Amino acid sequence: MNLREAIVKEHSKIQCNRIVSWVGDDQKKFDSLFQLLISDDSLLSQRASWPVSNCLLNYPQLNENNFEKLIANLNKTG
């Protein structure tokens, strides 16, 4: 799955669930999704937030490698 294309193509609960199912508990796939969340592209960031949130509800351990990046991202302006 091309995450960027999937996120831009459709913003719906069905698409969110597809992405979350595709990621599962795979750290590499989650890291790719997380990179879209912290990107400078506001559309990608906003749309990635929903599946990231759902992935972390299912598998909170996926954020262990990204916690510092998440905190740093909160301090970005804009």
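Before reading on, note that the structure itself is shown above.
In this text, all values refer to a predicted model and were calculated from it rather than measured experimentally.

Every buried residue belonging to helix α2 (residues 13-23) is among Gln-15, Cys-16, Ile-19, Val-20 and Val-23, and all of these are buried. Buried residues in α2, looked at end-on, bunch into an arc of 135°, giving them a common side. Among the exposed residues of α2, those oriented more than 90 degrees off its buried face are Lys-13, Ile-14 and Ser-21. Where α2 is buried, its residues touch α1 (3-9), α3 (27-37) and α4 (42-58). Of the residues trailing α2, Gly-24 is marked for its positive phi of about 55°.

Quick look at the nonpolar core now. Judged by nonpolar contacts, the single largest core of 18 residues is most densely connected at Ile-7, Ile-19, Phe-30, Leu-33 and Cys-55. The leading source of residues in this core is α3, at 5 residues. The residues contacting Phe-30, other than those within four sequence positions of it, are Val-23, Val-52, Cys-55, Leu-56, Leu-62, Asn-63 and Asn-66.

Let's shift gears to the side chain of Ser-12. Looking at the secondary structure, you find Ser-12 in the loop between α1 and α2. There is a polar contact of 2.6 Å between the side chain of Ser-12 and the side chain of Glu-10. Within the structure, the side chain of Ser-12 is placed 3.1 Å from the backbone nitrogen of Gln-15, a separation counted as a polar contact.

Regions of empty space are outlined by a rolling probe, equal in size to a water molecule, passed over the atoms. Summed over the entire model, instances satisfying the criterion amount to 1 cavity of 30 Å³ or more. Around the largest cavity sit Ala-6, Ile-7, Glu-10, His-11, Ser-12, Gln-15, Cys-16, Ile-19, Arg-47, Trp-50 and Pro-51, which together line it. Elements that contribute at least two residues to the lining of the largest cavity include exactly α1, α2 and α4. Each residue belonging to the lining of the largest cavity can be placed in one class, and the counts come to 6 nonpolar, 3 polar and 2 charged.

Rules used in this analysis
Residues numbered from 1 in each chain as written. Predicted model: local features only at pLDDT ≥ 70, side-chain atom pairs only at ≥ 80, totals over all residues. Heavy atoms only, no water. Buried < 20%, exposed > 50% of the residue type's maximum accessible area, 1.4 Å probe, protein only. Helix = DSSP H or I, 4+ residues; strand = E, 2+ residues; numbered from the N terminus. Arc of directions from axis to C-beta. Contact = heavy atoms within 4.5 Å. Core = buried A, V, L, I, M, F, W, Y, C linked by side-chain atoms within 4.5 Å. Polar contact = N/O pair within 3.5 Å; in protein donor to acceptor, adjacent residues only side chain to side chain. 1 Å grid on protein atoms, 1.4 Å probe; cavity = no way out; pocket = protein on both sides within 12 Å on 5 of 7 lines; lining within 4 Å. Points joined across faces, edges and corners; volume = space filled by probe spheres on them. Nonpolar A, V, L, I, M, F, W, Y, C, P; charged D, E, K, R; others polar.

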